[in-house]
Each structure stands twice: as structure tokens, then as C-alpha cells.
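# Analysis of the macromolecular model
Letter by letter, the chains look like this.
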Amino acid sequence: MAKKGSLFGNLRQFDGYAKTLDDFRVKTTTGASVTVISALIILALVCSELIAYNTPTWRPNLVVDRSRKEKLPINFDITFHNMPCHMLNIDVMDESGEHSSATFSQNIIKTRLDLSGNPIKSGEAAKLGDSTKDASKALQKADECGSCYGATPLREDGCCNSCQDVRDAYIKMKWGRIEPKEIDQCVREGWLDKFENQSNEGCHIKGKLLVNKVRGNFHIAPGDLFESHSMHIHDLKQFISGAPDGHGFDLSHTIHKLKFGPDSDNEAESILAVTNALGGTNKKANQARVVYQYFLKIVSTELCPIKGNPTFTNQYSVTQSENNIKDGASGLPGLFFQLDISPMHIIYRESRASFTSLFTGILAIVGGVFTVAGLIDRVFYKAERAYKKKVELGKTL
């Protein structure tokens, strides 16, 4: 024990935690109960604090999008249940005036389906157009250079050796569809028979588009494309007339996927960003000439994890519209995806609480719970003593 008047003896005057003698301490059942409950509460809160410490959080930040000059990738996967593949065309248009047919410049893959939705030839896929092997045979070196019938050939050798070559050249020139019976290559490859045999089929289309990051649209519509008097026109004769066996076509479809940006399976992306809002959309047409419009508001998004490289993607909201084209009225049936690019950019940054905040939180939990528990115990203890005194005085209520 420090002597009176010594340095340590004087230091005792600053003790903020004065002790009472053990002889004057009273232990009660109520106090024990409050202590046990307080310990359990502290244990639970400390565990939750540890879980929160080990669980990273994502914090959003909104900035101006500076990547407007970049191309916007579009990944899509759509099934048409009552439309053969050879009748479908994909076109891209935007406010800058750029218009292109995705058949030529984009990576688009199609697979023929039966009416039950099963692939007709398992694992076989081809570019939009002829999905048979006859066109491949025609691409082989021929004795003569096939005519393109006035159109500019797309092949480097300047020839159109297959019916598909002629069709692609005509569509690129925007002259409309060809008459297969008037084209030698089509007659040789039996395209008329293919149209009849493939008319009662569906089509699974998937692929990737690269478009300008401006307001515009891309659409999937029946009929070959051509231009007349600077107007964008699809030849709908075959679509409206239906199949030779009387079977009618329609644009019933299922959208399996529509994503803007890299096609990744990032877990954080699927949780934070709405990147595939149209996934699972199923539409059944009640007539042939139906216009399905999807108005998309696209927002550029960046995910910055603590470890690893940032992920750049796009999330979007959608408003849907479905209109039937009445007989005699003008209009192009098809699927129209209207793109509206937001000027804003969302950045999600992953963060984790520091060890200092964890330590401070645990101390606050322990101190706070014991302080409140002490107050509760004191109230119960005083109430119990008052009650016992009344009992002793015979004044029990």
C-alpha cells in the first residue's frame, strides 16, 4: 500500500472508479439474471459486429458518363416460336443517321427449331440466311464465277457462287428480296423447296451487336430489306401470305437474355445491377402483324471490387408496348428495341470496415450494455428493498 503523502498516495485522489468493500456488496438473484442476459446480448451483438466486419459493402456514386464515344455491345438471345430463320432480318438505326443490317457486319448466330422448340439439327448454327450445307458447297471453288445479277458482290473474288451470296448482295444494295426461281444458284440449290420445308419452323437467334452510344434502335423484323425513295422497307409479301401449306406466321417470342456490355456471370453484377431486365419475357401474338416495342433507358455502370479489375457493364429499365396493325394500315411488324442512353455513370465501390471501427464498436457494445444493465439492476434492487421494508412493517399492499 502506498504511504500517505507519497506520489502514489496522492495519485489515488484521481481514481474515478472508487471501490467498495466486499463486506458491503450485496449479490442478488435479480442481479445475476441481469448479468447473464447482458452477457448473452453482448455476445450476440459482438458476433453481428464481426459478421459486418467480414462482409464488404458496395457504395454507389453518380458521375457524368465520359465514355459516350465508345461502342455499346449488345448481347441477346431470343427464340421465335412460329417464324423460320430465313425470313428474319436484324437492322440497326440511330440518331446519327447510321443504318446497318446486322446480317453482314455483326456476329449473329441462328438455329432452326421445330414447333416444339427443339433444334432440328443438333449443334448446327449458321449466319442469318441459309442454315443448310448447300450454301457451303457453293462456296467451294467453282469452274465459273457466279453472277450477282447487277448487285455489288460481297466476296473478295467478286463472285456470287451461292443463292445466299445473291440474297446478301441484294439486301446490301437494299433492292429487296430475290425471286429464287429466277436465280440459277437458287434453282441449283433447291431454295424453293427449302422455303416450303422450313416454313413450319421456329428460330433461335443469339449473338452480339456493336452500336453507337447514342439514341437509336435495333429491330428484328420479317422480310428482306430494301430502300425506296429513301424509305426503309421490308418485303412482307411472304410473311403476310403465310406458308404454302396454309400455316400462318407470327412473332410470338421469348427473350432469354438482353444485356448491354460484356456477357459475364459476375455475381456482384447480378446482385447490384439490373443488367438483364427483359430476361424471361414471353410474348404470344394473337395475329401476324404485331409491333412489339421495348423502350429501354440504359445507364452505364462500373463495379470496382476491393481485389481484381473493375467490371464495366450497363443496367437498364424497360417499358413495354404491344400494338396490332389493323388490316389496310401501314406499319412494320417486328420487335423494336428503342435505346435511350443516359448521360450519367454509376460507380459501385466495394469497401470493408477498418479494424479500428471494429474495435471501437465492440467497446461501445460492451460498455453500453453493462451501463444499461447496471441501471436496470439498480432499479430492481431498490424496488425489491422497498417492498421488503413494507413487508416488515406490515404494509404490504
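Calculation criteria
- Residues numbered from 1 in each chain as written.
- Predicted model: local features only at pLDDT ≥ 70, side-chain atom pairs only at ≥ 80, totals over all residues.
- Heavy atoms only, no water.
- Core = buried A, V, L, I, M, F, W, Y, C linked by side-chain atoms within 4.5 Å.
- Buried < 20%, exposed > 50% of the residue type's maximum accessible area, 1.4 Å probe, protein only.
- Helix = DSSP H or I, 4+ residues; strand = E, 2+ residues; numbered from the N terminus.
- Contact = heavy atoms within 4.5 Å.
- Pairing = 2+ DSSP bridges.
- Salt bridge = Lys/Arg side-chain N within 4 Å of Asp/Glu carboxyl O.
- Axes fitted to C-alpha atoms, helices over the stretch in contact; angles between N-to-C directions.
- Parallel < 35°, antiparallel > 145°, perpendicular 65-115°, else oblique.
- Left-handed = near helix turned anticlockwise from the far one by under 90°.
- Nonpolar A, V, L, I, M, F, W, Y, C, P; charged D, E, K, R; others polar.
- Patch = residues over 30% accessible without salt bridge, like charges linked within 9 Å, V, L, I, M, F, W, Y side chains within 5 Å.
- Areas by Shrake-Rupley, 256 points an atom, 1.4 Å probe, with all protein chains shown as cover.
- Phe/Tyr/Trp six-rings, centres within 6.5 Å; stacked < 30°, edge-to-face > 60°.
- Expected span 1.5 Å × (residues − 1).
- pLDDT = per-residue confidence, 0-100.

Counting residues in hydrophobic clusters, the biggest one holds 43 residues, and the most contacted among them are Phe-80, Leu-258, Phe-260, Leu-296, Phe-337 and Leu-339. Mapped by element, the contributors of at least two residues to this core are β2 (71–80), β3 (88–94), β6 (202–212), β7 (216–222), β10 (253–260), β12 (290–304) and β14 (334–351). A total of six residues in this core trace back to one element, the largest contributor, which is β12. Those residues in contact with Phe-80, other than ones at most four positions away along the chain, are Leu-88, Gly-202, Cys-203, Ile-205, Ile-220, Leu-251, Ser-252, His-253 and Leu-335. Formed by 10 residues, the second largest nonpolar core is a distinct cluster that contains Cys-148, Ala-151, Val-166 and Cys-186.

All right, on to the environment of Pro-222 then. Here Pro-222 is to be found in strand β7. Judged by relative accessible area, Pro-222 falls into the buried class, the value being 0%. Residues Pro-222 and Pro-84, 138 residues apart in the sequence, show an inter-C-alpha distance of 9.4 Å.

Before going further, it helps to spend a moment on the side chain of Arg-289. With respect to the helices and strands, the residue Arg-289 is situated in the loop between β11 (281–283) and β12. Excluding residues within four positions of it along the chain, Arg-289 makes contact with Phe-239, Ile-240, Asn-323, Asn-324, Ile-325, Lys-326, Asp-327, Gly-328, Ala-329, Ser-330, Gly-331 and Pro-333.

A word on the pairing of β7. Judged by how many residues are buried, β7 sits mostly within the fold: seven of seven residues are covered. Here β7 shows no split at all, with Gly-216, Phe-218, Ile-220 and Pro-222 on one side and Asn-217, His-219 and Ala-221 on the other all buried. Both β3 and β7 contribute to a ladder of seven bridges, which runs antiparallel. Its bridge partner being in β7, Ile-90 is matched across the sheet by Ile-220. Pairing analysis gives five bridges linking β7 to β14, with the strands arranged antiparallel. Bridged to His-219 within β14 is Phe-336.

Attention now moves to the pattern of salt bridges. Tallied over the entire structure, the rule returns four salt bridges. The closest approach of N and O atoms between Asp-340 and Arg-215, which form a salt bridge, is 3.6 Å. Of this pair, Asp-340 sits in strand β14 while Arg-215 sits in the loop between β6 and β7, placing them 125 residues apart in sequence. Linking Asp-340 and Lys-297 is a salt bridge whose minimum nitrogen-to-oxygen distance equals 3.2 Å. Taken together, the residues span a long stretch of sequence, with Asp-340 in strand β14 and Lys-297 in strand β12 at a distance of 43 residues. Connected through shared salt-bridge partners, Arg-215, Lys-297 and Asp-340 make up one network.

A few words now on the packing of helix α2 (residues 29–54) against helix α10 (residues 355–392). In the contact formed by α2 and α10, the axes pass within 9 Å of each other and the chain directions differ by 160 degrees. Taken as axis vectors, α2 and α10 run roughly antiparallel relative to one another. Here the hand of the crossing between α2 and α10 comes out right-handed. In the contact of α2 with α10, the residues fall into 16 nonpolar, five polar and three charged.

What follows is about a nonpolar patch on the surface. A contiguous nonpolar patch, built from Ile-37, Ile-41 and Leu-45 and spanning about 250 Å² of accessible area, is present on the exposed surface. Counting through the fold element by element, Ile-41 comes out in helix α2.

All chains considered together, the criterion is met by four aromatic pairs. Consider the rings of Phe-260 and Tyr-316, whose centres lie 5.2 Å apart with planes at 85 degrees: the pair is edge-to-face. A residue pair is termed long-range when its members are at least 10 positions apart, and Phe-260 in strand β10 and Tyr-316 in strand β13 (residues 311–324) qualify at 56 residues. In terms of burial, Phe-260 and Tyr-316 fall into one category: buried. Summarising the aromatic geometry, the rings of Tyr-294 and Phe-337 are spaced 5.2 Å apart at their centres and angled 15 degrees between planes, so their arrangement reads as stacked. In this pair, Tyr-294 sits in strand β12 while Phe-337 sits in strand β14, placing the two residues 43 residues apart along the sequence. Each of the two residues, Tyr-294 as well as Phe-337, counts as buried. Each residue in the set Phe-76, Phe-218, Tyr-294 and Phe-337 is aromatic and connected to the rest through ring pairs, giving one cluster.

Bringing α10 into the picture now. If you check α10, its first and last C-alpha atoms are 55 Å apart, about what 38 residues at 1.5 Å a residue would give, namely 56 Å. Taken together, the buried positions of α10 are Leu-358, Gly-361, Ile-365, Val-369 and Ala-373. Against the buried residues of α10 lie α2.

The end-to-end C-alpha distance of α2, which contains 26 residues, comes to 38 Å, matching closely the 38 Å that a straight helix rising 1.5 Å per residue would cover. Here α2 has its buried residues at Gly-31, Val-34, Ser-38, Ile-42 and Val-46. Buried positions along α2 lie against α10.

The pLDDT averaged across the protein works out to 79; a share of 77% of its residues lies at or above 70. Every residue in residues 122–142 is under pLDDT 50, and counting partners more than four places away or in other chains gives 47 contacts.

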